[in-house]
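Architecture at a glance
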Amino acid sequence: MKVELTINGATHVADVEARTTLLDCLRDKLGLTGAHAGCEHGVCGACTILVDGEPARSCLMFAAQADGYEITTIEGLAPAPGELSVVQDAFCETHGMQCGYCTPAMILTAHSLLSRNPSPTREDIVEAISGNVCRCTGYGQIIEAVELAARRLAGSNAAEDAR
Amino acid sequence: MKAAAFEYVRPVTLSEACAILRADEDARVIAGGQTLVPMMAMRLARPSRLVDVARLPELAGIADEGAAVSFGAATRQLDAEKSTLVKIKLPLLAAALPWVGHRPTRSRGTVGGSVANADPAAEIPLVLVTLAGEVEFATADGVETCAARDFFTGPMMTALPQDAVLTRVRFPVWSGRVGVGFHEVSTRRSDFAYVSACAQVRFENGVCAQLAVGVGGGVPVPTRLDAVAQALVGTAMSDADIDAALEAPVAALDIMTDHYASTDYRRRVARELAARALRDARDAAIGAAA
Ligand code: FES
Ligand code: FES
């Protein structure tokens, strides 16, 4: 079956089976491999994308259900090729990743948190990423990254860089 | 693993959905899919057909009905959580919603889906039973209503016919000033609850005028403890009153066990969480009345 999806502002058409998850469609049909396949049954969060701005697990949606939504993947966050968003940059600077498997999902989750809550407490950050498993960092540097990104975004004329 | 092959259909009306379900007994309803999709990925569920009801207009919207607030079954849990109407009129549900899965599952998971799925650890069914709400569903024969206490028949089992679409979930609204409490214990934040407990209380002239308390998680179906309400209405709900009222009803609970938590542990936690929920509700009700 054909599905028409809006991803990072562009329209994509893919030919999928009904049982193709949105995650597999992104990775295998559209070459958007930033959404990672971990458990593929909703427990690890590695496949997190944004659906209308809210984090969602792309392994728990079939591609056939996903038309009509604004889907954002990690590929859609950087303002221009070769650049990084403020949140991505903060993850680099604080070493908010080791193997990187959880990283796109962590960054999208943080991006969504900061767009609804520009000055989150540490508890808000912990709560926001509580559905994302990281097996490397122990989470400390990830939390620091989100705190750093929040501070940067709060700085003058930085708001637009979040996009 | 990947799901087995199935056919995907998205009817545009409720009656069309009901007709499809009647014609194919292996068809399953999908809305948010936050439980069904993992079950399919593990091949514990192999529906022939998925009937996507998420965009049916009949299943949309949160309605203020005065004495109740009702949710179209396809209302996203996150939309319920963000709703001002829910915060004001259904404070107990508002307290429970942040405990439902994680935000990334609440953004897709629906209020009706949680009720239809009837996981004993689920928070929305617990609040629904505790507040004595009701469930509405449609089949090809028409619409029916079922009281929450009759709807949940066992773990993951309900009175919903195979060919029915759950359409609305209705929670009674208490008038006056109420206080609520919600507590839960699980391995990790937002994991399946070993035990959860919730309470809603209304005070008048320094005594408890109305009370509902329920326990979920460790029991086959969410359970409302009516005997506790009978014992506490008319009292000032001292800590000692609460403990005494909980003793026999909690001892009588049909507690389940598994390799995570024993029956004894769950019963002790149930008693403690119910007491905390009642104390929180009492304090909030007194504060609200002052
Ligand atoms: S791959 Fe989707 S939650 Fe693990
Ligand atoms: S950096 Fe390796 S899983 Fe998070």
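1. A look at the environment of S70 of chain B
Residue and element names in this part refer to chain B. Along the chain, S70 turns up in strand β5 (residues 68-72). Taking the relative accessible area as the measure of exposure, S70 reaches 0% and is therefore buried. Through-space distance from the C-alpha of S70 to that of G133 is 9.4 Å; in sequence the pair is 63 residues apart. Leaving out residues up to four positions away in the same chain, S70 has contacts with G61, I62, A63, E65, R168, V169 and R170. Of the polar contacts made by the side chain of S70, one reaches the side chain of E65; its length is 2.8 Å. Polar contacts involving the side chain of S70 include one to the side chain of R168, which spans 2.8 Å.

2. Points about empty space enclosed by the protein
Counted by the stated rule, this structure contains two cavities of 30 Å³ or more. Its boundaries defined by the atoms lining it, the largest cavity holds a volume of some 70 Å³. Looking at the largest cavity, the residues that line it are R19, T21, D24, E40 and F62 of chain A together with M1, K2, A3, V37 and A41 of chain B. A class-by-class count of the residues in the lining of the largest cavity yields five nonpolar, one polar and four charged. By volume, the second largest cavity is sized at about 40 Å³. In terms of lining residues, the second largest cavity is bounded by Q65 and Y69 of chain A together with A31, D52, A54, R55, R76 and R108 of chain B. Counted by class, the lining of the second largest cavity contains three nonpolar, one polar and four charged residues.

3. A closer look at the sheet that holds β5 of chain B
Residue and element names in this part refer to chain B. Strand order across the open sheet formed by five strands is β4-β5-β10-β6-β7, with antiparallel pairing between neighbours. The sheet is open, and its two borders are formed by β4 (62-64) and β7 (142-147), each paired with just one other strand. Within the sheet, the average angular offset between the axes of one strand and its neighbour, ignoring direction, is 20°. Along the sheet face, helix α8 (residues 123-130) touches β6 (134-139) and β10 (165-172) and points at about 55° away from the line of β10.

4. Let's talk about the interface of chain B and chain A
Of the residues lining the interface, 32 residues belong to chain B; the matching set on chain A comes to 25 residues. Between chain B and chain A the total buried area reaches about 2400 Å² when both faces are included, carbon and sulfur atoms providing 52% of it. K2 of chain B is the partner of E40 of chain A in a salt bridge, and the nearest nitrogen-oxygen pair spans 2.5 Å. Applying the counting criterion to the chain B and chain A interface returns 13 residue pairs in polar contact (both at pLDDT 80 or more). Only α2 (36-41), β3 (49-52), α3 (77-82) and α6 (103-106) of chain B provide two or more residues apiece to the side of chain B that touches chain A.

Criteria and cut-off values
Position labels on residues start from 1 in each chain and follow its written sequence. Key to labels: chains lettered from A, ligands numbered from 1, both in the order written. Reporting of local features is limited, given that this is a predicted model, to residues whose pLDDT is at least 70; pairs of side-chain atoms are given and counted only at 80 or more, and all residues count toward the totals for whole chains, interfaces and linings. Note that the side-chain values use all heavy atoms of the structure and ignore hydrogens as well as water. Counting from the N terminus, the helices are the DSSP runs of H or I reaching at least four residues and the strands are the DSSP runs of E reaching at least two. Buried means the residue's accessible area, taken with a 1.4 Å probe over protein chains only, is under 20% of the maximum for its type, while exposed means over 50%, and partly exposed covers the values in between. Whether two residues are in contact is decided by their heavy atoms: any pair within 4.5 Å suffices. What qualifies as a polar contact is a pair of N or O atoms within 3.5 Å, subject to a donor-acceptor requirement within protein and to the restriction that residues adjacent in sequence count only when both atoms come from side chains. In this analysis a 1.4 Å probe is tested at points of a 1 Å grid over the protein atoms alone, and where it fits but cannot get out there is a cavity; an open set with protein on both sides within 12 Å along at least five of seven lines is a pocket; lining residues have an atom within 4 Å of a point. Grid points are joined across faces, edges and corners, and a volume is the space filled by probe spheres set on the points. Residues were grouped as follows: Ala, Val, Leu, Ile, Met, Phe, Trp, Tyr, Cys and Pro as nonpolar; Asp, Glu, Lys and Arg as charged; and all remaining residues, including Gly, as polar. Should DSSP find at least two bridges between two strands, the strands are taken to pair. Axis lines are fitted through C-alpha atoms, for helices just across the contact stretch, and the angle between N-to-C directions can take any value from 0 to 180 degrees. The term buried area refers to how much accessible surface (probe radius 1.4 Å) is lost by two components on association, counted for both of them together. When a carboxyl oxygen of Asp or Glu is within 4 Å of a side-chain nitrogen of Lys or Arg, the pair counts as a salt bridge.

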